[in-house]
Structures are given as structure tokens and as C-alpha cells.
Amino acid sequence: MINLSINGIAVSVEEGKTILEAAEKLHIHIPTLCYHKDLCVAGNCRVCVVEQAGVDRLVASCATPVNEGMEINTNSLKVRNCRKHIIELLLAEHNEECTKCYRNGHCELQTIAADLQITNQDFIDLVPDQFYSIDSLSPSIEKDDSKCIRCQRCVRTCADIQSVGAIAVAHKGAEMKISTFYNHPLNEVVCTNCGQCIVHCPTGALVEKSYVEQVWDAISDPEKHVVVQTAPAVRIGLGEELGFEAGTSVTNKMVSALRRLGFDSVLDTDFTADLTIMEEGTELLTRLKGALVDDNPDVALPMATSCSPGWVKYIEHKYPKYLPNLSTCKSPQQMFGALAKTYYAKNIDVDPANIVSVSIMPCTAKKYEANRPEMKDSGYKDVDLVLTTRELAVMIKQAGIEFDQLNEENYDSIMGIGSGAGLIFGATGGVMEAALRTAYEIVTGREVPFENLEIKPVRGLDGVKEANILIENVLPEWSFLEGVELKCAITNGLENAHQLMESIDNGDRFYHFIEIMACPGGCLGGGGQPFPVDDEIRRKRMEAIYAEDLSLPVRKSHENPEITQIYQEFLEEPLSHKSHKLLHTSYVK
Ligand code: HC0
């Protein structure tokens, strides 16, 4: 351990820790901007400077490792004045229309400026307005250079966490800016729309494209029947945006709020997550039969999940030869949209032309997915408008709803019942666990041999997880699977997906089934979830999902009564002609 003192208080921390981490241990707050727990240290904003005894210049606490006997002062006059000047300089070249900014009230620059009581402007505006550009052509993300402080959190996120590199530093000195390949708009470069840049950006330079006004328009149109679906991870994220502790599930208050906002039908994406298991599980068993019995060389294994649109765009750009490995299943969001304007419309006797299908997602890439040209198998655009968890919180605040005072209400029916298996889709490993709960039971007639249905190897925040499940004592029709060890892998975050795909591509690893989610932690850590985020918060959200799964009366997709009903009344069976038309798709290079 290393012993040092901060503001005269002794502290011991492990070797390799920084001054910033040592201060955190003492509950001494040092402001930061370029620093983020998820990212490598950049040390470029200098807001976290502190004074070190015996050293002339101030040092960046995020980038300076502790040394034995160090004496640090985080609050000297020199430190405070330096920080103030740094923030004043940033403000001098910053768009200061804070009240018109989406991040108003959630902006880290605004918070630090307020904490430091910066009330005057000592520096003249450094950069003319014309220098800035706003890119709003992407269906998911808006990039406003006038609010960028060039901390490069977004660049490190896109390169290091996501292995995408859609944005990078261009030019030098005063002209330095965050740009794309040849400064093309985000919708024309390799951006996967995952929105991780947004949740790591400290200001409003990167935000989601908002569709709140269009949703209000639809709700206030008496001709329209507005159907809303809520994704699994929204219910454990929304509370954070409305003042609850991270990891608080607000499912039934959220349903109540959606009714008060004026949505006509409040339904659950968990229902189509269950449907995905039926379709994708059957697809996997069909592929396994093709490979193991028919020896068909055209069967692509491993089969990869296709419900994360950021991952789908990534594989389309970076691994196009593996497109046949993607499950043909649409994501639950898109299955839901296709059914909202067919099965559901018929059931409630509403002309599908008058249905507006809205989804609330923890994900910005879902906005892109809904706009993909192939997503109109219902004869209409399957999902019309996608809001993030944060945008739903905005609507709730705009409507003056006192969220914590709401009663708890249940989803409407049909398409409003989800099992615990559907719910855990929101956590990395959840799709795999849900699929195994059903596929194993179909093949063996028994539950998966894990206590309480909890398949622990697929859970947790590790970048790459593996699970090998030995299939034994199968029912007669599945004899080809007797003794097969089903090899599965799960990743979250696209850099981890990159590592996994490389190990498959170079023959180091073989799997039957892989689950890939674009965002760290899976959808619970999506680009549309509340700020801030780090692993501690992701873990709390994950625990909330698994606790809710345990509490639900139905925990396996095939036992969801509304799933039985939709196959009896409409779809007939998994992979039927109608299922293929509405619930499956193909991908492009
Ligand atoms: Fe997800 Fe989904 S689980 S991608 O992470 O599969 O966004 O929450 O809605 O569609 O269900 C996101 C979350 C979903 C979909 C589901 C899947």
C-alpha cells in the first residue's frame, strides 16, 4: 500500500492508483471532465488539477499515480483559480444557450461552472460561430460542435469500448475538432448508432435525435390509436432519471405514467422477447439438425443473435462474410411493430393505417433500426417512433406527473404479458439464458439443470462469457442431440464482439450459439439510458432485472399464455409462413 496525505488527511491506497482515486476514498470530490471510469486516462482537460508539495506546476490528479509520502492539496487558492480559468476558457468557446440545450440540468460543464460560481466572462469569445456545425442527419444521434469541449471521451468510447472508430480528432490547436471520415455526416460513416458516445459525453455535443414532439402530436390526434411498447431495460432505468436510486425497478408505475400521458394501449416488448425465443430457439434447433444430421455445409454456425441493432450494423460493416450466421429473427422491437399493425390491430378492431406504433427503448440504435427500409412487413412502417428512456422521462416531467405518487398498474392485454425470460433480455447473457430455459426443456422435457433456472455462467459484466451445456437424456425426436455439448458464448460491448469474432474467424474457438449485445452490460447500459453510467450502476440495474425475473409468475417464454394464444390464433407455429413474413428478415453487406 502507498501512504499519502490529501488536504492533511492520511490515506493508504494500492500502488498504481491515482491521486483522484485516493481522494475518492476520502470522499473528497475533485471535478473532472475528460476522465470517465469506463475509459483510459487522457488527462487533457486539466480540470482535475491539484497541488503537490515540492512540485512547482499543478498536476492532473486523474493521470498522476500516488507516491509514498505525497502531500496533496485539492483546494488551494492556486488550484481553485486554475480550475476557474480552465472552465472560463472552455465557456469562452462554448455555445452557452444552456436553457435550449437537451443536457440542461444534466451537463457536467454546467455543473462545474455552477459549483465554481463562474459569474463573469474574463475571456473574449475565442472562436467565431461559423466554425461550428450541427450534424442532425442520423436517425439516432445529433452532433453539435458548438457544445463540444474536445475532451475526447466520445473518441475513446467509439474506438476502445466499441472498436468502431466512427469519430476521431481532426486538425490541431484552436481548430482541433471531433470529426468523422472526411467530415461526412454520422449516417454516412461506420457509426453503429449505439449511442455510447452520448452517455459518455459530458455536455450536449452528442445527444439522441428526439422524437418527443412527434409522439405528443400523435397522442393529441383523435384519429390515431397510439400503441406503446416498453423494452425490458427501460423499467430498471427510468427511475434513475426521475430521482430514484440506480437499480430501482419502476415497471408498474411506468405503465401508469404511460396511460396518463395518453397512450391508448400500453404493451410490453417482453412479450415479443418471448416470441423471439420461440422463433430463434426453433431456428437454432433447425440449424443444429442441418449440421449434425444432414451434414449440410451451408448451415452457418455459430448462430448469432440479431436483436441488437448496433451489433447488426457492426457485423454488416466489419464481418459481412458472417451475415449468414445472424439469426433471421427480427428484434423484439420490430416483431412487436409488425404484430401491432396486424394481429393487434385486428384484435382491437382498429384500421392499422390509424395505429401509431411507439416504442420506448434504452437504445439509440433502435431509432435507426425502426427506420431500416425492410422494416415494413405489416404493410406499414412497423415501428413509427422510438423514444429513449431519457425521452420518456422528459415527457413525464413535461406532463407534470408526480411519478413517485403514481399507483402501480398492469400492462394491457394482449401483447402485454412477458415472462421473466423475456425480461432478462435487458441484461447481457439474458437472451442466451432465456433461450436455454426453453430449448433445453423442449429437447429433454426437463428444466435446465441449474438451480432456480439461473444459468450463472452467462450472467455478469465480464466482456466474454462462455457456457457449455451437456444435453443428455433427450426426448426421442431429438435423438441427434444426445450427448452434444452445446457451446455458447456471450459478449457485450463491440470491442469484445470484435475479439470474439476474431477468435472464431481464426479458428481458435468454436461455438454453436453466440449472443452479442452492442452496449456494455447489454441493453441496461444502452445509449438511451440515464446519465451517468459506470460498472457500479450497470451492476445495480442488472441485479434489479434478475430480482424482477425471480418475482414473476411465469419465467419461461414457452409458458407465457399470450405466446400460446398467438400461435393458436394467428402464427400457427414457430417458423411458419406467417412468422417468416412478419417476424424474420435478412441483412445487407
Ligand atoms: Fe434490448 Fe431487446 S433486450 S435489444 O437489449 O432482443 O434496446 O431492453 O428492447 O428489441 O426485448 C434494447 C432492451 C430490447 C429488442 C428486447 C432484444
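Source: prediction; values computed, not measured.

On to the overall build of the protein chain. Across its full length, the protein chain holds 19 helices and 18 strands. For the protein chain, the C-alpha atoms occupy an extent of roughly 80 × 55 × 50 Å along the three principal directions. Taking the contacts inside the protein chain whose residues are at least 6 apart along the sequence as the reference set, 74% of them involve residues at least 24 apart.

To continue, consider the pairing of strand β16 (residues 464–470). Only one face of β16 is covered, namely the one carrying Lys465, Ala467 and Ile469; the face carrying Val464, Glu466, Asn468 and Leu470 has none of its residues buried. Pairing of β16 with strand β17 (residues 485–492), which is carried by seven bridges, proceeds in the antiparallel orientation. Bridged to Leu470 within β17 is Glu485.

The subject of this paragraph is the site of the ligand. In the vicinity of the ligand there are 22 residues, among which Ala231, Ala233, Cys307, Cys363 and Cys523 approach most closely. If you list the elements that add at least two residues to the shell around the ligand, you get α9 (269–292) and α11 (332–348). Per-element accounting of the shell around the ligand gives the leading share, three residues, to α9. In terms of residue class, the shell around the ligand is made up of 13 nonpolar, eight polar and one charged.

Moving on to the domain arrangement of the protein chain. Entries for the protein chain in the domain assignment read domain 1 (2–75), domain 2 (91–208) and domain 3 (212–271 + 336–405). Between the C-alpha centres of domain 1 and domain 2 the distance comes to 26 Å. The interface is formed by 11 residues belonging to domain 1 together with 14 residues belonging to domain 2.

Moving on to the packing of α9 against helix α15 (residues 430–444). A pair of packed helices is captured by two measures, namely the crossing angle of their axes and the spacing between those axes. Between α9 and α15, the least distance of the axes is 10 Å, while the angle of their chain directions is 65°. Overall, the two elements α9 and α15 adopt an arrangement that is roughly perpendicular. Regarding α9 and α15, the two cross each other, and that crossing is right-handed. Across the interface between the two elements, Ile277, Glu280, Gly281, Leu284 and Leu285 of α9 pack against Ala434, Ala435, Thr438 and Ala439 of α15.

Read across the sheet, four strands follow the order β12-β11-β14-β15 without closing on themselves; strand pairing throughout is parallel. Edge positions in the sheet fall to β12 (265–268) and β15 (385–388), since each of these pairs with one other strand and no more. Each neighbouring strand pair of the sheet contributes to a mean axis angle of 25°, computed without reference to strand direction. Alignment of strand β11 (residues 225–230) against β12, held across four bridges, turns out to be parallel. In the sheet register, Gln229 faces β12, and the bridge partner there is Leu267. Packing of helix α6 (residues 212–219) onto the sheet brings it into contact with β11, β14 (355–361) and β15, and relative to β15 it is tilted by some 125°.

Strand order across the open sheet formed by three strands is β6-β7-β10, with antiparallel pairing between neighbours. At either end of the open sheet lies a strand with only one pairing partner, and these are β6 (134–135) and β10 (206–208). Where strand β7 (residues 141–144) lies against β10, three bridges are found, and the strand directions are antiparallel. Looking at β10, one finds that Glu142 is bridged to Val207.

We now examine helix α10 (residues 309–318). The element α10 is extensively covered by neighbouring structure, given that seven of its 10 residues are classed as buried. Listed in full, the buried residues belonging to α10 are Pro309, Gly310, Trp311, Val312, Lys313, Tyr314 and Ile315. Looking at the buried residues of α10, the elements they touch are α12 (365–370), α16 (494–505) and β18 (513–517).

Nonpolar side chains in soluble globular proteins tend to be buried together. Residues Val228, Trp311 and Cys488 are the most contacted members of the largest nonpolar core, which totals 162 residues. The leading source of residues in this core is α15, at eight residues. The contacts of Cys488, once residues within four sequence positions are left out, are Met432, Glu466, Ala467, Ile469, Tyr511, His512, Phe513 and Ile514.

Among the secondary structure elements, Val431 is positioned in helix α15. The exposure class assigned to Val431 is buried, which follows from the 32 C-beta atoms found within 10 Å. A sequence separation of 43 residues divides Val431 from Val474, and the C-alpha atoms of the two residues are 23 Å apart. The contacts of Val431, once residues within four sequence positions are left out, are Thr305, Cys307, Phe425 and Glu515.

Attention now moves to helix α4 (residues 153–161). Taken across its nine residues, α4 has seven buried, putting it largely inside the fold. Along α4, the residues that are buried comprise Arg153, Cys154, Val155, Arg156, Thr157, Cys158 and Ile161. The inward-facing, buried residues of α4 abut β8 (168–170), β9 (177–179), α5 (196–200), β10 and α16. Of the residues trailing α4, Ser163 is marked for its positive phi of about 55°.

What counts, and where the lines are drawn
- Residues numbered from 1 in each chain as written.
- Predicted model: local features only at pLDDT ≥ 70, side-chain atom pairs only at ≥ 80, totals over all residues.
- Helix = DSSP H or I, 4+ residues; strand = E, 2+ residues; numbered from the N terminus.
- Contact = placed C-beta atoms within 7 Å.
- Buried ≥ 20, exposed ≤ 12 C-beta atoms within 10 Å, placed from the backbone.
- Pairing = 2+ DSSP bridges.
- Near = placed C-beta within 6 Å.
- Nonpolar A, V, L, I, M, F, W, Y, C, P; charged D, E, K, R; others polar.
- Domains from an automatic or database assignment.
- Axes fitted to C-alpha atoms, helices over the stretch in contact; angles between N-to-C directions.
- Parallel < 35°, antiparallel > 145°, perpendicular 65-115°, else oblique.
- Left-handed = near helix turned anticlockwise from the far one by under 90°.
- Core = buried A, V, L, I, M, F, W, Y, C linked by C-beta atoms within 7 Å.

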